[in-house]
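What follows is each chain in one-letter form.
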Amino acid sequence: PELDVKRRDFTINGMLYNPETQEILDYVGGTEDLQRGIVKTIGNPEERFAEDYLRMLRAVRFTARLGFKMADSTFEAIRKLAPGAAKLSAERIQQELTLIFTGPAPNRGFDLLDTTGLLEVLLPEVYAMHGVKQPPQFHPEGDVYEHTRLMLKSMPLADELLAWSVVLHDVA
């Protein structure tokens, strides 16, 4: 079991439950990270992400959905390896982004995608909304990116169609 756990992605996903003894087996500090609200990779974050770049998107999703903080080492590894996410299939990217945008904190996920560099790699049309001004009489919040971010923040728990409509509504 310990070897299996050490190949997993995040400490909070690395705990096992023994139904016979009703005990949690935790070889990687997942219980403590869960209590502290931290998303952290098991082992070296660059190695974990290089094994499967989708894990970077999963880190964003878990951090946003759970309201947790991402460990600095995990965040920095994503920033460094974000270009690798372009190697993922479109279907895997779409599935993970949909889970981010339909969660309880889509704006937080949006922000994390941006600050980690994943937004620029995966949705360059959306990333390009930074600095695109809007008429202040209609949009006093500033640029198109901030407008989209605020719409995500005020959006009720959304289905896939609404979430993607909000994210992409000003791309053109």
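Data block above holds the structure.
Residues numbered from 1 in each chain as written. Predicted model: local features only at pLDDT ≥ 70, side-chain atom pairs only at ≥ 80, totals over all residues. Heavy atoms only, no water.

Some thoughts on the overall build of the chain
Then, in step 1: In terms of helices and strands, the chain carries eleven helices and four strands.
Then, in step 2: The C-alpha extent of the chain, read off along each of the three principal axes, is 65 × 30 × 25 Å.
Then, in step 3: Per-residue burial for the chain yields a buried fraction of 46% across its 172 residues.
Then, in step 4: Taking as baseline every contact in the chain between residues at least 6 positions apart, the subset at least 24 positions apart corresponds to 63%.
Then, in step 5: Surface exposure of the chain reaches about 9,100 Å², of which carbon and sulfur atoms provide 54%. (Helix = DSSP H or I, 4+ residues; strand = E, 2+ residues; numbered from the N terminus. Buried < 20%, exposed > 50% of the residue type's maximum accessible area, 1.4 Å probe, protein only. Contact = heavy atoms within 4.5 Å. Areas by Shrake-Rupley, 256 points an atom, 1.4 Å probe, with all protein chains shown as cover.)

Let's talk about the pairing of strand E1 (residues 15-18)
Then, in step 1: In this sheet, strand E2 (residues 23-26) lies alongside E1 in antiparallel orientation, the contact comprising four bridges. Bridge pairing in E2 places Asn18 opposite Glu23.
Then, in step 2: Between E1 and E2, which follow one another and run antiparallel, lie four residues, and Gln22 among them has a positive phi close to 55°. (Pairing = 2+ DSSP bridges.)

Things to note about unusual backbone geometry
Then, in step 1: A positive phi angle, near 55°, is found at Gln22, a position not held by glycine.
Then, in step 2: Here Gln22 shows up in the loop between E1 and E2.
Then, in step 3: For Gln22, a relative accessible area of 62% translates into the label exposed.

Observations concerning the environment of Leu34
Then, in step 1: Looking at the element boundaries, Leu34 is found in helix H2 (residues 30-36).
Then, in step 2: Residue contacts for Leu34: discarding those within four places in its chain leaves Ile12, Met15 and Phe68.

Focus: the packing of helix H6 (residues 90-101) against helix H11 (residues 160-168)
Then, in step 1: Packing of H6 against H11 leaves a shortest axis separation of 9 Å and a crossing angle of 90°. Considering the angle they form, H6 stands roughly perpendicular to H11. Every residue of H11 that contacts H6 at Gln94, Leu97, Thr98 and Phe101 is listed here: Glu160, Ala163, Trp164 and Val167.
Then, in step 2: Taken together, the residues of the contact of H6 with H11 break down into five nonpolar, two polar and one charged. (Axes fitted to C-alpha atoms, helices over the stretch in contact; angles between N-to-C directions. Parallel < 35°, antiparallel > 145°, perpendicular 65-115°, else oblique. Nonpolar A, V, L, I, M, F, W, Y, C, P; charged D, E, K, R; others polar.)

Observations regarding the packing of aromatic side chains
Then, in step 1: On inspection of all chains with the given rule, the structure shows five aromatic pairs.
Then, in step 2: Pairwise contacts between aromatic rings join Phe101, Phe110, Tyr145 and Trp164 into one cluster. (Phe/Tyr/Trp six-rings, centres within 6.5 Å; stacked < 30°, edge-to-face > 60°.)

So, the side chain of Asp114
Then, in step 1: Looking at the secondary structure, you find Asp114 in helix H7 (residues 106-116).
Then, in step 2: Buried and unpaired, Asp114 has no salt bridge, with Arg149 as the nearest side chain of opposite charge at 7.7 Å.
Then, in step 3: Within polar-contact distance, the side chain of Asp114 engages the side chain of His130 at 3.0 Å.
Then, in step 4: Setting aside residues no more than four positions away along its own chain, Asp114 makes contact with Leu119, Tyr127, His130 and Tyr145. (Lys, Arg positive; Asp, Glu negative; His and termini not counted. Salt bridge = Lys/Arg side-chain N within 4 Å of Asp/Glu carboxyl O. Polar contact = N/O pair within 3.5 Å; in protein donor to acceptor, adjacent residues only side chain to side chain.)

A closer look at the nonpolar core
Then, in step 1: Core analysis: the largest hydrophobic core is formed by 43 residues, its most contacted members being Met56, Leu57, Leu97, Phe101, Leu113, Leu118 and Leu123.
Then, in step 2: Sorting the residues of this core by element identifies helix H4 (54-66), helix H5 (72-81), H6, H7, helix H8 (118-122), helix H10 (144-154) and H11 as the ones contributing at least two each.
Then, in step 3: For this core, the leading source of residues is H4, giving seven residues.
Then, in step 4: Those residues in contact with Leu123 that sit more than four places away from it in its chain are Leu97, Phe101, Leu118, Trp164 and Val167. (Core = buried A, V, L, I, M, F, W, Y, C linked by side-chain atoms within 4.5 Å.)

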